[in-house]
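What the coordinates show
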2 protein chains.
Amino acid sequence: MINFSINRTAFLNSLKIVKLAISSKVVIPALSKVKISVDNEGLTLTGSNGQISIEHFLPVADENAGMVVNGSGAILLEAAFFDSIVSNLPEVTFDFKEIEQNQVLITSGKSEITLKGLDSENYPRIQEISTENPLKINVGLLKSIFSETSFAASTQESRPILTGVHLLLLENQKLKAVATDSHRLSQRVVTLEKLSENFDVVIPNKSVNGFKSVFSDDTDEIEVFLSDSQVLFRNDTTSFYTRLVEGNYPETNRLIPNDSDYTLDLTFDTASLRHTMDRARLLSSATQNGTVKLTIENDKIIASVNSPEVGSVHEEIDAIKYEGEDLVISFNPQFMIDALKVIQEPEVRIRFISGVRPFTLVPNSESVDFIQLITPVRTN
Amino acid sequence: MINFSINRTAFLNSLKIVKLAISSKVVIPALSKVKISVDNEGLTLTGSNGQISIEHFLPVADENAGMVVNGSGAILLEAAFFDSIVSNLPEVTFDFKEIEQNQVLITSGKSEITLKGLDSENYPRIQEISTENPLKINVGLLKSIFSETSFAASTQESRPILTGVHLLLLENQKLKAVATDSHRLSQRVVTLEKLSENFDVVIPNKSVNGFKSVFSDDTDEIEVFLSDSQVLFRNDTTSFYTRLVEGNYPETNRLIPNDSDYTLDLTFDTASLRHTMDRARLLSSATQNGTVKLTIENDKIIASVNSPEVGSVHEEIDAIKYEGEDLVISFNPQFMIDALKVIQEPEVRIRFISGVRPFTLVPNSESVDFIQLITPVRTN
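Source: prediction; values computed, not measured.

Turning our attention to the UniProt feature "domain: DNA polymerase III beta sliding clamp C-terminal" (unreviewed entry) in chain A. According to UniProt, the "domain: DNA polymerase III beta sliding clamp C-terminal" (unreviewed entry) feature falls on residues 254-378 of chain A. Secondary structure content for residues 254-378 of chain A is 19% helix and 42% strand, and the end C-alpha separation is 22 Å.

With that settled, consider the domain arrangement of chain A. All names here are of chain A. Here chain A is described as being made up of domain 1 (3-122), domain 2 (135-168 + 192-250) and domain 3 (256-374). Between domain 1 and domain 2, the C-alpha centre-to-centre distance is 28 Å. A combined buried area of about 940 Å² lies between domain 1 and domain 2, and 55% of that area is made up of carbon and sulfur atoms. Considering only the side of domain 1, the residues that lose the most area to domain 2 are Q51, I52 and E55, jointly responsible for 45% of the buried surface there. Taken together, the links from domain 1 to domain 2 amount to 0 salt bridges.

Our focus in this paragraph is the interface of chain B and chain A. Across the contact, 27 residues belong to chain B and 27 residues belong to chain A. Interface of chain B and chain A: buried area, both sides summed, is about 2,400 Å²; carbon and sulfur atoms make up 54% of it. When residues of chain B are sorted by the area they lose upon contact with chain A, K110, R279 and L282 of chain B head the list and together hold 25% of the total. Where chain B meets chain A, there are 3 salt bridges. Ionic pairing is found between K110 of chain A and D318 of chain B, a salt bridge with its closest N-O pair at 2.7 Å.

Residues and elements named next belong to chain B. Two numbers describe how helix α3 (residues 139-150) lies on helix α4 (residues 205-214): the axes approach to 10 Å, and their chain directions differ by 140°. The way α3 lies across α4 gives a crossing that is left-handed. Of α4, the residues touching α3 (which contributes L142, K143, F146, S147 and S150) are N205, V208, F211 and K212. For the contact of α3 with α4, the per-class residue count stands at 4 nonpolar, 3 polar and 2 charged.

Residue and element names in this part refer to chain A. Strand order across the open sheet formed by 9 strands is β15-β12-β13-β14-β27-β26-β25-β19-β23, with antiparallel pairing between neighbours. Edge positions in the sheet fall to β15 (199-204) and β23 (321-324), since each has one partner strand and no second. Averaged over all neighbouring strand pairs, the angle between strand axes comes to 15°, with direction disregarded. On the sheet, helix α4 (residues 205-214) packs against β12 (164-170) and β15 and is oriented at approximately 85° with respect to β15.

At an RMSD of 0.0 Å, chain B and chain A line up after a rotation of 180° and a shift of 0.0 Å along the axis. Here the copies are linked by what is in effect a two-fold axis. The position closest to the rotation axis in chain B is occupied by the C-alpha of K25 of chain B, lying 15 Å away. A symmetric contact is evident, with 100% of the interface residues of chain B recurring at the interface of chain A.

What counts as what
- Residues numbered from 1 in each chain as written.
- Chains lettered and ligands numbered in written order.
- Predicted model: local features only at pLDDT ≥ 70, side-chain atom pairs only at ≥ 80, totals over all residues.
- Heavy atoms only, no water.
- UniProt positions renumbered as here; feature names shortened; annotations may be inferred.
- Helix = DSSP H or I, 4+ residues; strand = E, 2+ residues; numbered from the N terminus.
- Domains from an automatic or database assignment.
- Buried area = accessible area lost by both parts, 1.4 Å probe.
- Salt bridge = Lys/Arg side-chain N within 4 Å of Asp/Glu carboxyl O.
- Contact = heavy atoms within 4.5 Å.
- Axes fitted to C-alpha atoms, helices over the stretch in contact; angles between N-to-C directions.
- Left-handed = near helix turned anticlockwise from the far one by under 90°.
- Nonpolar A, V, L, I, M, F, W, Y, C, P; charged D, E, K, R; others polar.
- Pairing = 2+ DSSP bridges.
- Least-squares fit on C-alpha atoms with pLDDT ≥ 70 in both.

Have a look at this one:
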């Protein structure tokens, strides 16, 4: 039967990580619980919502955990409730002891708390993934690729495939991420240092967000393992499993214009263009079609919105570079705000084909392979 | 027609204060708007929800506001929307100009925004209060009296009088605040330095919270003016009006036990008792009657909760002083947590009469006139 004592803070840190996968709104009651497994090696906590599963291992050897194991076993405890209990214990350490019929006694100072648990046999098994030939990648790099694309994924369940981020390894070292909701698209490509086996998967957007919370140390290197239906991201202490989105991702390469298609080529200060769009959005959100109009003619660029009920905005925008033909185009300013948010470079290059064709945004830098597409809205 | 220019930050600070009274959920449409009045003296913003009204005055003489007035008048603008617009303007200052038919043109840098407003005649008038013989009081002192009592007021509209804080001036200098929801009571008395006219009013709890947000400088002195239906708190720049709760507050003096009634007198460390109650509350919230049981016998004090579904807690509490007879009593631990939160002193004295009679908490200090009452729950 389980019997161990541990440092409270170390335990809570571990619990905090696996709790990221635990939801109280689950169909399977066992999934609202955290699985606590103890053996002579250490303590493993597991949380899952059926889509994402997180395992965190705290080794006996970890000095901060100050762990002493006197008995091994496994049990399920209501995660949110158990977290509040441990958070409120009086001392720096606590004892955790299984007493009978899946009951545990938690002792800390003069406080004795008995909690009813559930047999660990009720917990669903995580499907195993072969852990051979992993892709190794820096956490910070993977996080930024996800951030640069995942916001463009669809939130509509009508086309589930678009609710994920399309992640591919091409030519054994080009990692490409694409997301689109069919109104806008974001595509980022980075070249990895080491060669790995090519792959082609669609990771659910929710799992992308989960990944960002679980792996907090951006300098860390993680291993990525793939099966047909799952991906596993893993470092020394944490295993993050997620199911993949099923189906084939649509071909997106053909959506990206050729350089020769463009008729107008503008470069802006990223931050000041974003502020202009912020102001435009305030008024556009009060209009029927929710768009801002860009009028580019006679060497002037005017952003304007006109809401019959609320008022209007009229603003001249300075371009750093301006080359090409006149154009009038309307689009959702929120899409441009989202696009500009993920551009780290101080300047952004925006190229247009016509008032009814998608336009592209790229950082004004030769070294970054990052392109975004926004589809205009036809007004009147 | 209105025409002025102003520092954006100074304007936003003023708007932030009056917005505390403005709600988008109002029956009278004019109340979702902010009233902007300008004359040669300066700018007055007004916000109101019908219960609370706030006026904030920004004088031309205020150097931080950098105000230049070229035309006076008044207009109503949608408060939340106008706030977002001004927050997003590009420059440090902006121009505000009435153009026609209650329209204003806001100019800042190259940004021009036109907003539709409403005639200021649509704004309800604030009932005037005679500004003679005010009570003068330090903001920090009034805030702490409110904090020490208002949490005990009722949130149930079934007895509206109990949803307020009973505030009285007795003997021309004893300021007394009382609140109760009929399960617990909190009463604080302070003696003021200057004599003023006696009064007896009930201030709605929502207004008490509004007061705390509006007057941010605790060292400030404010004037308090009273009429039959309203109270006005005022300093140089801000006037905070609130309606009073109508009706007579119940007699609460008779609820407070006499010293000779008590049979058990305990003193605890305030913080550690609060932590014990925090743990007890976690389990009590999973029980039917939501109570913690205190068993005081044989020189031991045991706090315990037993939830058949979730588990149990059992904890011995150390008393700093312990004098009197054995007792078993059950109560809602949240009430004790709330009570302990507002006790600044490191020690709390708790005195009991019997297991079925209310018990009292006071800070263990001769100099503070502050008593709280909690009614036990019969659990048979």
